[in-house]
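# Examination of the molecular architecture
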Amino acid sequence: MKPGIHPAYGPVVFRDKAADFAFLTRSTATSDKTVEWEDGNTYPVIDVEISSRSHPFYTGTARVLDTAGRVERFERRYGSKA
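Rules of the game
Residues numbered from 1 in each chain as written. Predicted model: local features only at pLDDT ≥ 70, side-chain atom pairs only at ≥ 80, totals over all residues. Heavy atoms only, no water. Salt bridge = Lys/Arg side-chain N within 4 Å of Asp/Glu carboxyl O. Helix = DSSP H or I, 4+ residues; strand = E, 2+ residues; numbered from the N terminus. Phe/Tyr/Trp six-rings, centres within 6.5 Å; stacked < 30°, edge-to-face > 60°. Buried < 20%, exposed > 50% of the residue type's maximum accessible area, 1.4 Å probe, protein only. pLDDT = per-residue confidence, 0-100.

### Some points on the pattern of salt bridges
Following the criterion strictly, the structure yields three salt bridges and no others. Residue Arg 15 is joined to Asp 47 by a salt bridge in which the shortest nitrogen-to-oxygen separation is 2.7 Å. One end of the pair, Arg 15, is in strand β1 (residues 10-16); the other, Asp 47, is in strand β4 (residues 42-48), with 32 residues separating them in the sequence. Residue Asp 47 is joined to Lys 33 by a salt bridge in which the shortest nitrogen-to-oxygen separation is 3.1 Å.

### Some thoughts on the packing of aromatic side chains
Enumeration according to the criterion identifies three aromatic pairs in this entry. Here Phe 14 and Phe 23 contribute two aromatic rings whose centre-to-centre distance is 5.8 Å and whose plane-to-plane angle is 25°, an arrangement assigned as stacked. Judged by its relative accessible area of 16%, Phe 14 falls in the buried class. Under the relative-accessibility criterion, Phe 23 is labelled partly exposed at 33%. Ring geometry for Phe 21 and Phe 23: centres 5.8 Å apart, planes at 40°, overall tilted. In this structure an aromatic cluster arises from ring pairing among Phe 14, Phe 21 and Phe 23.

### Some words on the confidence of the model for the chain
With 79% of its residues at a pLDDT of 70 or more, the chain shows a mean pLDDT of 84. The lowest-confidence element of the chain is helix α1 (residues 56-59), averaging 63 in pLDDT; the highest-confidence one is strand β3 (residues 34-36), averaging 95.

### A few points about unusual backbone geometry
You will see that Asp 20, though not glycine, has its phi angle at about 50°, which is positive. For Asp 20, the location among the structural elements is in the loop between β1 and β2 (21-27). Looking at Asp 20, the relative accessible area reads 72%, which means it is exposed.

Rendered as structure tokens:
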């Protein structure tokens, strides 16, 4: 790798305030805000709107749409091309 052209890669805390959930990982993202983590160290924190704790796919609250029923209702209403 060429020196001086890549962003700094270090520990960052991502925090989902809606779900009261945070995790420490490594990233090139930076922030002026900081938070004291469980290990006693201070890390930059980035607030996110959705995480694995609040996303419907991961929480199991995702709805499954009945696409076959919608197609049949459309064909009944407007007729099929056949």
